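# Notes for the structure review
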Amino acid sequence: MDGLADPTGGMPAIQPTRRAAIGVGPAGLRMVIAGYIDGLLDTIAAAEAIAPLGHSLVETGSLETDSLAVIEAGVAAMADEAICLGAAPPEVAISSAFSRADDLNALEDAIIRGGGRTSRVLEPGDEANLTYVGAMAGDPRAPALVVSIGDHSTELMGGAAHLHWVSSAPCGSLSMTEQFLVGATADLDDLEAMIASAREVFEPIAAEHPVTAVVGVGRLAATVAMLGGSPRIDLAALGDAAETLAGSDTATIAEDLGVEFDNVAQAFAGVAICEAIRRAFAVEFVWVTRQGLEEGLALDLLAS
């Protein structure tokens, strides 16, 4: 219990310098327990529960009962871990993707039943700011770009110590996969056309906002990095990722990597988007980090 357990058998003592933050988004839940060391964020533990929570929301405008049960159980498990590690019950933030859900109150009730503290529904601007700050926590690079690849758009967040600008580019992994008819195995002959298509979208943004570093966040970027064998996804790593996707079927790769099928099914488009961004912004590589929204939330809580 990290040295925090009460020797008499009681609950661990709450450490005022430790905060737990959970983000609930369309792809599942993620928690970070963090503190400060020498003015920098110190991540003590992280946990996630992957679940496609956004599918029913897109189709019906509501969350399925099963999804609410997954959220409640996930929050409960994470709240137990937070308390065991000396943090107060976690603060929970709900992605702006859920802000128009018909059953938002039911979602908030599920979080509270799971042991999360008062939930916070994020506005898109707040979510971008927290994601940027969390992704760049402890990193002095500037000016930098934080990139999150979504199904139908790619969110670009730029700044230095703080977020300065946001742009939502109409180029996503699912829409590109459907546009280029990427099947169970990818076709390397399609890659350059996919890169060129994406680059047309990113070039005007890059011309207006030059950067010296690009950081990728989110599960799709993480999958591309796994396929490329490194969090530093440069031209060689992207080539390795593309060849792996073209050399085996999606289901086999997903099983071998232990990641969701949908992430691998869209990863070839993810490779094209990462390479288009790398070329458009003229950087050597895209650095992939697991830090993001939840680290930003933790920093916000620690500062309060």
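Residue numbering note: each chain is counted from 1, following its sequence as written. Whole-chain, interface and lining totals are the exception, using all residues; otherwise, since this is a predicted model, local features are given only for residues with pLDDT of at least 70 and side-chain atom pairs are given and counted only at 80 or more. The side-chain quantities take in all heavy atoms of the structure and omit both hydrogens and water.

What follows concerns the overall build of the protein chain. Counting its secondary structure elements, the protein chain contains 12 helices and 11 strands. Over its C-alpha trace the protein chain gives a radius of gyration of 20 Å, about what one expects of a compact globule, namely 19 Å for 304 residues. The principal-axis extent of the C-alpha atoms belonging to the protein chain is close to 65 × 45 × 35 Å. Burial analysis of the protein chain (304 residues in total) assigns 50% to the buried set. By definition in these notes, contact holds between two residues if any of their heavy atoms fall within 4.5 Å. Contacts spanning at least 24 positions in sequence make up 69% of the contacts within the protein chain whose residues lie at least 6 apart. The method behind every accessible area is Shrake-Rupley, applied with a 1.4 Å probe, and residues are considered shielded solely by the protein chains displayed. Carbon and sulfur atoms provide 53% of the accessible area of the protein chain, an area that totals close to 13500 Å². Averaging the positions of the 14 positive and the 43 negative side-chain charges in the protein chain gives two centres separated by 7 Å. Only runs of H or I of at least four residues qualify as helices and only runs of E of at least two qualify as strands under DSSP, and these elements are numbered from the N terminus. The globule rule used here is 2.2 Å times the number of residues to the 0.38 power, and the radius of gyration it is set against is calculated over C-alpha atoms. Residue burial is assigned from relative accessible area. The probe radius is 1.4 Å, only protein chains are included, and a residue is buried under 20% of its type maximum, exposed over 50%, and partly exposed in between. Only four residue types enter the charge count, namely Lys and Arg as positive and Asp and Glu as negative; His and the chain termini do not. Charge positions come from single atoms, namely NZ of Lys, CZ of Arg, CG of Asp or CD of Glu.

A few words on the pattern of salt bridges. Should a side-chain nitrogen of Lys or Arg be within 4 Å of a carboxyl oxygen of Asp or Glu, the pair is scored as a salt bridge. The final tally for this structure, using the stated rule, is 13 salt bridges. Two residues, glutamate 295 and arginine 30, come together in a salt bridge whose shortest N-O distance is 2.9 Å. Of this pair, glutamate 295 sits in helix α12 (residues 293-303) while arginine 30 sits in strand β2 (residues 28-37), placing them 265 residues apart in sequence. Take glutamate 295: its relative accessible area is 1%, and that puts it in the buried class. Judged by relative accessible area, arginine 30 falls into the buried class, the value being 6%. In this structure, the salt-bridge partner of arginine 219 is glutamate 48, at a minimum N-O distance of 3.1 Å. Here glutamate 48 lies in strand β3 (residues 40-50) and arginine 219 lies in helix α7 (residues 219-228), a separation of 171 residues in the sequence. Given a relative accessible area of 18%, arginine 219 falls into the buried group. Taken together, the shared-partner salt bridges in this structure form one network comprising Glu192, Glu275, Arg278 and Arg279.

A few words on the environment of threonine 252. Residue placement: threonine 252 occurs in helix α9 (residues 250-257). Along the primary structure threonine 252 and alanine 93 are separated by 159 residues, whereas in three dimensions their C-alpha atoms are 34 Å apart.

With respect to topology, 5 strands assemble into an open sheet ordered β3-β2-β1-β4-β5, the strand pairing being mixed. At either margin of the open sheet sits one strand with a lone partner, and together these are β3 and β5 (117-121). The average angle at which neighbouring strand axes cross in this sheet is 20°, direction not considered. Here 7 bridges tie strand β1 (residues 19-25) to β2, and the two strands are oriented antiparallel to one another. Considered in β2, the bridge of alanine 21 is made with valine 32. Criterion used throughout: strands pair if DSSP finds at least two bridges between them. In this description, a line fitted to the C-alpha atoms serves as the axis of each element, helices being fitted only across the stretch in contact, and the angle between N-to-C directions of two axes falls anywhere from 0 to 180 degrees.

Their axes nearest at 9 Å, the elements α7 and helix α11 (residues 267-280) cross at an angle of 90°. In terms of axis orientation, α7 runs roughly perpendicular to α11. Counting all contacts with α7, which are made through Leu220, Thr223, Val224 and Leu227, the residues of α11 involved are Ala267, Gly270 and Val271. Gly is placed with the polar residues, together with every amino acid not listed as nonpolar (Ala, Val, Leu, Ile, Met, Phe, Trp, Tyr, Cys and Pro) or charged (Asp, Glu, Lys and Arg). Across the contact of α7 with α11, the residue classes tally to 5 nonpolar, 2 polar and no charged. Oblique is the label for any angle not under 35 degrees, not over 145, and not in the 65 to 115 range, which are roughly parallel, roughly antiparallel and roughly perpendicular in turn.

Working definition: the strands of a sheet are paired by backbone hydrogen bonds and lie parallel or antiparallel to each other. If you walk across this open sheet you meet the 6 strands as β8-β7-β6-β9-β11-β10, and the pairing is mixed. If you trace the sheet from one side to the other, it starts and ends with β8 (163-169) and β10 (232-234), each paired once. Put simply, the sheet's adjacent strands are angled 25° from each other on average, direction ignored. Along the sheet, helix α4 (residues 124-135) makes contact with β6 (144-149), β7 (154-159), β8 and β9 (213-217), crossing β7 at roughly 65°.

On to the packing of α7 against helix α8 (residues 235-247). Relative orientation of the contacting elements α7 and α8 amounts to 90°, with a least axis distance of 7 Å. As judged from the angle between their axes, α7 and α8 are roughly perpendicular. On α8, the residues touching Val224, Leu227 and Gly228 of α7 are Ala237, Leu238, Asp240, Ala241, Thr244 and Leu245. For the contact of α7 with α8, a count of residues per class yields 6 nonpolar, 2 polar and 1 charged.

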